[in-house]
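Results of the structural survey
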Amino acid sequence: MTATVKSLVNQPYKYGFVTDIESESLPPGLSEEVVRLISAKKDEPEFMLNFRLKAYRQWRKMQEPTWPHVSYPPIDYEKIVYYSAPKKKDKLESLDEVDPVLLETFEKLGIPLSEQKRLSNVAVDAVFDSVSVATTFKKQLAEEGVVFCSISEAVQDHPELVEKYLGSVVPTGDNYFAALNSAVFSDGSFVYIPKGVKCPMDLSTYFRINNGDSGQFERTLIIAEEASSVTYLEGCTAPMFDTNQLHAAVVELVALDNAEIKYSTVQNWYAGDESGKGGIYNFVTKRGLCQGVNSKISWTQVETGSAITWKYPSCVLVGDNSVGEFYSVALTNNCQQADTGTKMIHVGKNTRSTIISKGISAGRSQNSYRGLVKMSPKAKGARNYSQCDSMLIGDCAEANTFPYIQVQNNAAKVEHEASTSKIGEDQLFYFLQRGISAEDAVSMIISGFCKDVFSQLPMEFAVEADRLLALKLEGSVG
Amino acid sequence: MIRDNSDVLLSVSGLTAEVEETPILKGMNLEVKAGEIHAIMGPNGSGKSTFSKVLAGHSDYSVTGGRVEFQGQDLLELEAEERARSGVFLAFQYPLEIPGVSNLDFLRVAYNARRQQQGLEELDAFDFDELVREKLDVVKMDPSFLTRSVNEGFSGGEKKRNEILQMALLEPTLAILDETDSGLDIDALKIVANGVNQLANEDNAIILITHYQRLLDYIVPDYVHVMEKGRIIRTGDKDLAHELEARGYDWVLQDAAETVEV
C-alpha cells in the first residue's frame, strides 16, 4: 500500500472532548447490593427489582463468550462503575431546567435540544452517561397517543407496559452481556405507538458516553401496536480516553399485527487511537420480535466506531407473512475489531428476510460478518436472501464471513451471495489520472459500495453516514 | 499538423525510469508541439506503456534522471492528479472498472476538477448532463452508458469509447493514447479514430502508442517513433509505419545497433 491510501483513512476523532460535570456514582464493582441500590435510586417498583436480581443471579453463573473473532485483554468487572449520572433536580418540568452544560454538550455534537434550535422533524431523547437528560416534542407526540420518554420515566408512568414487554424479546439470561445489562441498566429510551397510529415524526436517541470509568448500560424498548408504524434513529459518540469503556446495551422491539418498525443506527463511538489504545467495547444485544401477522422490522446500521464491536441486530419472525430486514455497513480501521451481523429466525409461514451486509476493512483491522438464517419446521414458504460483501483497503486488513444456515423444512428458500473486493492502486490511479483526488476517489468508491444500505437510511442520516465514512477513511489510502 | 511556429507542449530529455529497481526507460528524448500527432511504436517490452505511465505520474514508476517539461513547467514535480488537471490525459490500455460509481458521476467530478484548475465555475448536475449528452456523439455512445457503473460490464470496445468520451469532456492539451486500438474490431476502431480526429486541433497534441500500423490509417501521425530498450531509436513520418508493417522491426533494430557501433 502506498502512502496515499494510508493517509486517507486516519482522521482525528472530533467528538473526543470530555464534559466537566458533577456526577453521582456508586463505587466500582458489582454485587446484589449494588443492584438493589440502583433500583432504589431509581425508586423502582418491585417487579423491576426482581427483574434485575434475576438477571444478576443468572449473570453470576455465566461465562463471557469467547466465540467472536476478536481479542482483548480480560475485562475486570469489579473495576467498572455501574451507576453514574449527572446530578440534576428531582423532576424536570421543561428543557429550561436541564443543566446548560449538558445542553451545550449536545449542541456541540450537533444535536440542539432547545425549543428554538431543535430539529423540526425529529423528536430527540438525549442520553448522557446512560441517563436521559431531555426528550423533545413529548407533548406533540402525546397528542397522537405516542409515548416517547426515558425508560426510567416509563417504569414510573407506564409500569404495565414495561412489565409486559421488558425482557420479552431478549430474556434476562439471553447472553452474558444482556444479563449484565438487565441487572444494572440505568436508562435508555422507551417508545409506545398505539394501535393504528403512524408516528408523525421520526424518533431519535442520541447516546453520549462521558465518564471514563463507568460502564454504559442502556435499555431501549419499542412497542408498535397493531397497524402502527415508527422510524427510529440512534446516534452515538464518546470522548477519547486511553482506557477502554464497556458499553453493553440491549434493544428490544416488538411489532404486533401489521405494524412496522424501522430502526437505524449511526454508531460513532470512539475507536481508540492508531495503535489501538483506548476506545469503546461495544457489546450490544439488539433484537426485534415480529409477533403479529404481516409485521415488519428493519434494522439499518452504520458501524464506524468502537475498538471492538460485537453486535447482531436480529429478527424473530413469528407472525405469518412477517418481514425482517438487516442492512449494515461496518467500517473498521487501524486496530478496530468488528464481529457483527444478524440473525433471522423464521418461525411463521411465508416469512421473508433480507440481509445486506457491507464490510469495509482498512489499516490492520479485522472485520467479520457473522449471520444466522434459521428456517424452523413450521416456516413453510419462508424465504431469505443474504448478500455479504467485503472491501479491503490496503494489504494488512482482514475480512471474514461466517454464515450459518439452518433449514428445518423443505419448503423454505435460502439464498446467500458473498463477494470480496479491494480498492486497488490501479483503480486509484485511474481516478487520479482524471484529476480526482485520492480522498474523493475512495469516498466515491465507498459510497458506491454502500449504496444499497445508505438508500435505506433517512435522508439526514444518509448524508451524515456518507460524510462519516469519508472522514473515517481519510488517510487510509495511498 | 507540423508548423514551425507552434509552441512546444512537451519536452522530454534524457528521461530514465525504473519499476521495482528494474530500469525500463534509458534516456528518452521527445519534443511535441501544439497541433502535432506523434505515434510511438516498437516491439513488446520496449517501454512504450511505461513511458505513458511515467508521464501520467503512476506511483509504481520512479524517475531516476532526465527532465520533462509540459507547457514550460516541470511535469515531474506535479502529483498525478495535478498533471491531469493541467491537461495531461492518458487513455488507458485497460480501463479500470469502478463498481458502484456511476459513469455520469465519475465524468462530472473529473470534469469539475479540470474546470476548477482553469479557474472556471463548476457545472451543476443539470448543465453537465446537457454537456455530456452532446459529447456522446463524438464516440456514438448510447446515453444508457451514463447511468451504468464506470466500465463495469462494458465490452472492450465500449471501454475504449468511454476513454475517448472522457477525453472529449476534459479537452486535454496533451492526450496519450496507450494501445487504444488493441482489442477493437474494425467498426469500433473507426468510431474511436473518428472521435480522436474530431478532438485533435492546432492547440493540442496527441501521442499514440500502438503496435500496429492499422490505427494510423485512420489517425494520420505527423511523426512516427520507434522505441527499443527504453529509448527512441528512429523517427520518421507516416511512411515509416508502413515500412515497419511491411518489414517488421528487425531492420530498424539492426540499423540502430550498427549506428551505435560506429
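As the structure is a computational prediction, the values presented were derived from the model and not from experiment.

Cut-offs used in this document
Residues numbered from 1 in each chain as written. Chains lettered and ligands numbered in written order. Predicted model: local features only at pLDDT ≥ 70, side-chain atom pairs only at ≥ 80, totals over all residues. Helix = DSSP H or I, 4+ residues; strand = E, 2+ residues; numbered from the N terminus. Buried ≥ 20, exposed ≤ 12 C-beta atoms within 10 Å, placed from the backbone. Contact = placed C-beta atoms within 7 Å. Rg over C-alpha atoms; globule rule 2.2 N^0.38 Å. Nonpolar A, V, L, I, M, F, W, Y, C, P; charged D, E, K, R; others polar. pLDDT = per-residue confidence, 0-100. Pairing = 2+ DSSP bridges. Axes fitted to C-alpha atoms, helices over the stretch in contact; angles between N-to-C directions. Parallel < 35°, antiparallel > 145°, perpendicular 65-115°, else oblique. Core = buried A, V, L, I, M, F, W, Y, C linked by C-beta atoms within 7 Å. Arc of directions from axis to C-beta. Left-handed = near helix turned anticlockwise from the far one by under 90°. Expected span 1.5 Å × (residues − 1).

So, about the overall build of chain A. When helices and strands are tallied, chain A shows eleven helices and 23 strands. By residue count, 57% of the 478 residues in chain A fall in the buried class. For chain A, long-range pairs separated by at least 24 residues make up 84% of all intrachain contacts whose partners lie at least 6 apart in sequence.

To continue, consider the overall build of chain B. When helices and strands are tallied, chain B shows nine helices and twelve strands. Computed over the C-alpha atoms, the radius of gyration of chain B is 18 Å, within 12% of the 18 Å expected from 2.2 N^0.38 for a compact globule of 262 residues. Viewed in the frame of its principal axes, chain B has a C-alpha envelope of about 65 × 40 × 40 Å. The buried share of chain B, reckoned over its 262 residues, is 45%. Taking as baseline every contact in chain B between residues at least 6 positions apart, the subset at least 24 positions apart corresponds to 72%.

With 17 residues of chain A at the interface, the matching set in chain B holds 20 residues. Among the residues forming the side of chain A that touches chain B, the class breakdown is seven nonpolar, six polar and four charged.

Per-residue confidence for chain B averages 93 on the pLDDT scale, and 99% of its residues sit at or above 70. Across the interface, the model reports ipTM at 0.95; the global pTM reads 0.81.

We now examine the environment of Ser447 of chain A. Residue and element names in this part refer to chain A. Counting through the fold element by element, Ser447 comes out in helix 10 (residues 438–454). Remark: the alpha-carbon pair of Ser447 and Tyr72, spanning 375 residues in sequence, is separated by 31 Å. The residues touching Ser447, leaving out its near neighbours within four places in the chain, are Phe454 and Asp466.

It is worth spelling out the confidence of the model for chain A at this point. Mean pLDDT over chain A works out to 86, with 86% of the residues at or above the 70 mark. Note that residues 1–10 of chain A has pLDDT below 50 and, in this model, 46 contacts with residues that lie over four places away or in other chains.

Residues and elements named next belong to chain B. Structurally, Tyr212 can be placed in the loop between strand 10 (205–209) and strand 11 (223–228). For Tyr212, a count of 15 C-beta atoms within 10 Å puts it in the partly exposed group. As for Tyr212 and Val88, which are separated by 124 residues in sequence, their C-alpha atoms are 24 Å apart.

All names here are of chain B. Where strand 1 (residues 8–19) and strand 4 (residues 61–70) come together, eight bridges link them in antiparallel fashion. When the bridges of strand 4 are listed, Val19 appears paired with Tyr61. As paired strands, strand 4 and strand 5 (residues 73–74) are joined by two bridges and run antiparallel to one another. Across the sheet, residue Phe70 finds its bridge partner in strand 5, namely Gln73.

The next point concerns unusual backbone geometry. Residues and elements named next belong to chain B. Within the chain, Glu20 stands out as a residue other than glycine whose phi angle is a positive 45°. As for its placement among the helices and strands, Glu20 is situated in the loop between strand 1 and strand 2 (22–33). Its 8 C-beta neighbours within 10 Å are what place Glu20 among the exposed residues. Even without being a glycine, Gln71 presents a positive backbone phi close to 50°. Along the chain, Gln71 turns up in the loop between strand 4 and strand 5. Accessibility expressed as a C-beta count within 10 Å gives 16 for Gln71, which makes it partly exposed.

Looking now at the packing of helix 3 (residues 103–117) of chain B against helix 4 (residues 125–136) of chain B. Residues and elements named next belong to chain B. Their axes nearest at 11 Å, the elements helix 3 and helix 4 cross at an angle of 100°. Between helix 3 and helix 4, the angle falls in the class roughly perpendicular. Contacts between helix 3 and helix 4 involve Leu104, Leu107, Arg108 and Tyr111 from the first element and Ala125, Phe128 and Val132 from the second. For the contact of helix 3 with helix 4, the residue count by class is six nonpolar, no polar and one charged.

Attention shifts here to the nonpolar core. Residues Val191, Ala224, Leu253, Ala255 and Ile261 of chain A together with Phe89 and Leu174 of chain B are the most contacted members of the largest nonpolar core, which totals 211 residues. Looking at this core, the element that brings in the most residues is helix 10 of chain A, giving ten residues. Sequence-distant contacts of Phe89 of chain B, defined by excluding residues within four places in its chain, comprise Ala84, Met167, Leu170, Pro172, Leu174, Ala175 and Ile176 of chain B.

A turn of α-helix holds 3.6 residues, and therefore any two residues three or four places apart point the same way. Residue and element names in this part refer to chain A. Taken as a whole, helix 2 (residues 32–41) has its buried residues at Val34, Val35, Ile38 and Ser39. All buried residues of helix 2 fall inside an arc of 135° around its axis, so they share one side. Turned more than 90 degrees from where helix 2 packs its buried face, Glu33 and Ala40 sit exposed. For helix 2, the elements touching its buried residues are helix 3 (46–61) and helix 8 (176–184).

Spatially, 2-1-4-5 (chain B) is the arrangement adopted by the four strands of the open sheet, whose pairing is antiparallel. Single-partner strands in this sheet number two, and they are strand 2 and strand 5 of chain B.

Take the environment of Ala271 of chain A next. All names here are of chain A. Inspection of the secondary structure assignment puts Ala271 in the loop between strand 12 (260–267) and strand 13 (279–290). Ala271 sits in the buried class, given 28 other C-beta atoms within 10 Å. Expressed as a C-alpha distance, the spacing of Ala271 and Val70, which sit 201 residues apart in the sequence, is 14 Å. In contact with Ala271, not counting residues within four places along its chain, are Gly279, Gly305, Ser306, Ala307, Asn334 and Gln336.

This part is about the packing of helix 4 of chain B against helix 6 (residues 156–170) of chain B. Residue and element names in this part refer to chain B. Contact geometry of helix 4 with helix 6 gives a least axis separation of 10 Å together with a crossing angle of 125°. With respect to each other, helix 4 and helix 6 are oriented oblique. For the crossing formed where helix 4 meets helix 6, the hand is right-handed. Residues Val132, Lys135 and Leu136 of helix 4 pack against Leu165, Ala168 and Leu169 of helix 6. For the contact of helix 4 with helix 6, the per-class residue count stands at five nonpolar, no polar and one charged.

All names here are of chain B. Pairing in this open sheet of six strands is mixed, and the strands run 6-9-10-3-11-12 from one edge to the other. Each edge of the open sheet is held by one strand with a lone partner, namely strand 6 (88–91) and strand 12 (231–236). With strand direction ignored, the average angle separating the axes of adjacent strands in the sheet is 20°. Pairing between strand 11 and strand 12: five bridges, direction antiparallel.

Moving on, we get to helix 3 of chain A. Residues and elements named next belong to chain A. Taking 1.5 Å of rise per residue, 16 residues should cover 22 Å, and helix 3 covers 23 Å from first to last C-alpha, within 8% of that figure. The set of residues buried in helix 3 consists of Phe51, Arg52, Ala55, Tyr56 and Trp59. Projection of helix 3 onto a plane perpendicular to its axis shows the buried side chains occupying an angular sector of 130°, all on one side. Opposite the buried face of helix 3, at more than 90 degrees from it, the exposed residues are Glu46, Asn50, Arg60 and Lys61. The elements touched by buried residues of helix 3 are helix 2 and helix 8.

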